[in-house]
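Structural description and commentary
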Amino acid sequence: MLFNPRAHFKNGAILVAIAAAAALPVLAETANFGTLTLSRGSGSPTAVLRGSTGGSYSLSAIANADRHKNKCLGFATPTPDHIIVLQQDFSKLTIQVNSGGKDTTLLIQGPNGNTVRCGDDTGQNKDAGIVDTGWEAGSYKIWVGSLEPGVKSNYTVSVQ
């Protein structure tokens, strides 16, 4: 018998599974530690995100410098750690990492990858932070990195 329907179905099912898996990154934007949606309410918006550093992907591969000419430093995973969706424009946001004093870095890529913001040490603190204006509504990818590749540190990120 030249045609084996069972073998044909098995191969077809495998092709469908491969096609579906290949399409996933296009269909859904994912993050290592989840997505947060922010909108303005009666007070100032505040949120806390949790995660851990530990990648060996150089954040300078995304951008060497941000819109203010700050260098983009550190190592993280290729997948963003967090995604923040702003439901409307925000005139000013503060995004601060707290890792208990470990040396962290921060890279935030704006909607459509057009705007990049990078942060490193904040004052005497080795944790990264960004205070900036002109946050347009949309989806922001956030990477929290460490200065050395593969260094694992737990952190929180406050957004206000």
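Check the entry above for the structure.
Residues numbered from 1 in each chain as written. Predicted model: local features only at pLDDT ≥ 70, side-chain atom pairs only at ≥ 80, totals over all residues. Heavy atoms only, no water.

**Some words on the sheet that holds strand β10 (residues 125–135)**
Pairing within the open sheet is antiparallel, and its five strands lie in the order β2-β12-β6-β10-β9. Each end of this open sheet is capped by a strand with a single partner; those strands are β2 (47–52) and β9 (121–122). (Pairing = 2+ DSSP bridges. Helix = DSSP H or I, 4+ residues; strand = E, 2+ residues; numbered from the N terminus.)

**Comments concerning the nonpolar core**
One finds L106 and W135 to be the most contacted residues of the largest nonpolar core, which totals 21 residues. Put simply, the parts of the chain that give this core at least two residues each are β1 (35–38), β2, β5 (82–86), β6 (90–98), β7 (104–109), β10, β11 (138–146) and β12 (154–159). Per-element tally for this core: the top contributor is β6, with four residues. Ignoring sequence-local partners within four residues, the contact set of W135 consists of L86, D89, F90, K92, L93, I95, I108, R117, I130 and Y140. In terms of nonpolar packing, the next biggest core, distinct from the first, is built from eight residues, L59, L107, C118 and W143 among them. (Core = buried A, V, L, I, M, F, W, Y, C linked by side-chain atoms within 4.5 Å. Buried < 20%, exposed > 50% of the residue type's maximum accessible area, 1.4 Å probe, protein only. Contact = heavy atoms within 4.5 Å.)

**Section: the state of the cysteines**
Across all of its chains, the model carries one disulfide by this definition. Disulfide pairing is shown between C72 and C118; the S-S distance is 1.9 Å. Residues C72 and C118 are joined by a disulfide whose S-S torsion is about 80°; by sign, that bridge is right-handed. Taken together, the residues C72 in the loop between β3 (57–58) and β4 (75–76) and C118 in strand β8 (residues 116–119) connect sequence positions 46 residues apart. For C72, a relative accessible area of 4% gives the class buried. Under the relative-accessibility criterion, C118 is labelled buried at 6%. (Disulfide = S-S within 2.5 Å.)

Structural measurements only, silent on function.
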